[in-house]
Amino acid sequence: MVHHNTSESEPRIYGFTRTASAVLTHLICIVFSVFIALLSRPGTSLFSWHPFFMTLAFSFFMTEAILLFSPHGSPIKRFPHKTKGRVHWILQCLCLSCAVLGLAAIAYNKHLNGKPHFTSWHGLLGLLTVCVVGLQSLAAVPLIYHSLAKGWSLAKLKRYHAASGLVTYLLGSISLLLGLCSAWFTASVREHTWYLSALCPALSALIIMNQVTSAYMAKKRLQS
């Protein structure tokens, strides 16, 4: 009898933990994006647009795009999968747009100041991430318009897209973390604020990674 109650409580605890993690990720991406916006004060200088747009792209839009498919924390959980897919693609396009604007701002700012481009790991990885996001968005078109996926299994395309999307998200998170190591950010915050800020993309990445891998493992169990 005790064993029966324990087995019933496990799914409840599991669901509560998943929901709490999803809600926490929503809060993190919003609070972190607002914090960087307040710190950078976009519009006060050309450089100020770089951290603002990049954070908006990789912390807010990309995170929310993936959370749409969370069974425990999606804001449109009751909508059909097709609708989620289209909203996901729109958010990813907004992510790409913001990333391109952020990249253009820092490139033009360096050009005006006569500084070399992409000389740091942050710059190189940021450029790579923007390119990968663009490719990821293009590769998602056949998932929306299935007629373009001739000769390809739709289920296989979804698995490839989920795996590459997770890699893209991790690249974005690492780019954000490297950005927090920049001279601008370290000079703008105190030490404890830096650690709290670094915790935001790191924790979000762990939760998103768990969401994607758990969904993949669940599908594998259903197919076996």
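For the structure given in this document, a descriptive report is provided here. In this text the structure is predicted, and so the values were computed from the model without any measurement.

### Comments concerning the overall build of the protein
Phase 1: Summing up its helical and strand segments, the protein has eight helices and zero strands in all.
Phase 2: Across the protein, helices and strands are ordered from the amino to the carboxyl terminus as α-α-α-α-α-α-α-α.
Phase 3: Projecting the C-alpha coordinates of the protein onto the three principal axes gives extents of approximately 70 × 50 × 25 Å.
Phase 4: When contacts within the protein are restricted to residue pairs at least 6 apart in sequence, those whose partners lie at least 24 apart make up 71%.
Phase 5: Total accessible area on the protein is roughly 13,300 Å²; 70% of this is exposed by carbon and sulfur atoms.
Phase 6: Distance between charge centres in the protein, computed from 18 positive and 4 negative side chains, equals 17 Å.

### Points about the state of the cysteines
Phase 1: Tallied over the entire structure, the rule returns zero disulfides.
Phase 2: Looking at the unpaired C93, the closest cysteine sulfur is the one in C95, lying at 9.4 Å.
Phase 3: For C93, a relative accessible area of 24% translates into the label partly exposed.

### Structural notes on the packing of helix α2 (residues 49–67) against helix α3 (residues 81–112)
Phase 1: Running from N to C, α2 and α3 point in directions that differ by 165°, and their axes come no closer than 8 Å. Classed by the angle they form, the pair α2 and α3 counts as roughly antiparallel. Remark: the crossing between α2 and α3 carries left-handed chirality. On α3, the residues that touch W49, H50, F53, M54, L56, A57, F58, F61, M62, E64, A65 and I66 of α2 are H88, L91, Q92, L94, C95, C98, A99, L101, G102, L103, A105 and I106.
Phase 2: Here the residues of the contact of α2 with α3 sort into 19 nonpolar, four polar and one charged.

### Remarks on the environment of F53
Phase 1: Residue placement: F53 occurs in helix α2.
Phase 2: Under the relative-accessibility criterion, F53 is labelled buried at 15%.
Phase 3: Setting aside chain neighbours within four positions, we find F53 in contact with C98, L101 and G102.

### What about the layout of surface pockets?
Phase 1: A volume near 570 Å³ is recorded for the second largest pocket.
Phase 2: Mapped by element, the contributors of at least two residues to the lining of the second largest pocket are α1 (2–40), α2, α3, α4 (121–139), α6 (154–180) and α7 (183–188).
Phase 3: When grouped by side-chain class, the residues that make up the lining of the second largest pocket number 17 nonpolar, 11 polar and one charged.

### With respect to the nonpolar core
Phase 1: F58, M62, C95 and I208 are the most contacted members of the largest nonpolar core, which has 33 residues in total.
Phase 2: If you list the elements that add at least two residues to this core, you get α1, α2, α3, α4, α6 and α8 (191–223).
Phase 3: Among the elements that line this core, the one with the most residues is α2, at nine residues.
Phase 4: Those residues in contact with I208, other than ones at most four positions away along the chain, are T25, T63, I66, L67, L166 and Y169.

Calculation rules
- Within each chain, residues carry numbers counting from 1 in the order of the written sequence.
- In keeping with the model being predicted, local features are shown solely for residues with a pLDDT of at least 70 and side-chain atom pairs are shown and tallied solely at 80 or more, while totals for entire chains, interfaces and linings include all residues.
- Remark: hydrogens and water are excluded; side-chain values derive from all non-hydrogen atoms of the structure.
- Starting at the N terminus, helices and strands are each numbered in turn, a helix being any DSSP run of H or I of at least four residues and a strand any DSSP run of E of at least two.
- The contact criterion used throughout is that any non-hydrogen atoms of two residues lie within 4.5 Å.
- Each accessible area is a Shrake-Rupley estimate made with a 1.4 Å probe; only the visible protein chains count as cover when residues are assessed.
- His is not counted, nor are the chain ends, whereas Lys and Arg count as positive and Asp and Glu as negative.
- A single reference atom marks each charge: NZ on Lys, CZ on Arg, CG on Asp, CD on Glu.
- Count a disulfide wherever a pair of cysteine sulfur atoms falls within 2.5 Å.
- Throughout, exposure labels follow a simple rule: accessible area from a 1.4 Å probe, protein chains only, divided by the maximum for the residue type, with under 20% read as buried, over 50% as exposed, and the rest as partly exposed.
- Structural elements are reduced to axes, namely lines fitted to C-alpha atoms, with helices fitted over the stretch in contact, and the angle between N-to-C directions of any two is expressed from 0 to 180 degrees.
- When an angle is under 35 degrees it counts as roughly parallel; over 145 it counts as roughly antiparallel; between 65 and 115 it counts as roughly perpendicular; any other value is oblique.
- By definition, turning the near helix anticlockwise from the far helix through less than a right angle yields a left-handed crossing, and turning it clockwise yields a right-handed one.
- Residues are grouped as follows: nonpolar covers Ala, Val, Leu, Ile, Met, Phe, Trp, Tyr, Cys and Pro; charged covers Asp, Glu, Lys and Arg; every other residue, Gly included, is treated as polar.
- In this analysis a 1.4 Å probe is tested at points of a 1 Å grid over the protein atoms alone, and where it fits but cannot get out there is a cavity; an open set with protein on both sides within 12 Å along at least five of seven lines is a pocket; lining residues have an atom within 4 Å of a point.
- Grid points are joined across faces, edges and corners, and a volume is the space filled by probe spheres set on the points.
- Residues belong to one nonpolar core when they are buried, are Ala, Val, Leu, Ile, Met, Phe, Trp, Tyr or Cys, and are joined through side-chain atoms within 4.5 Å.

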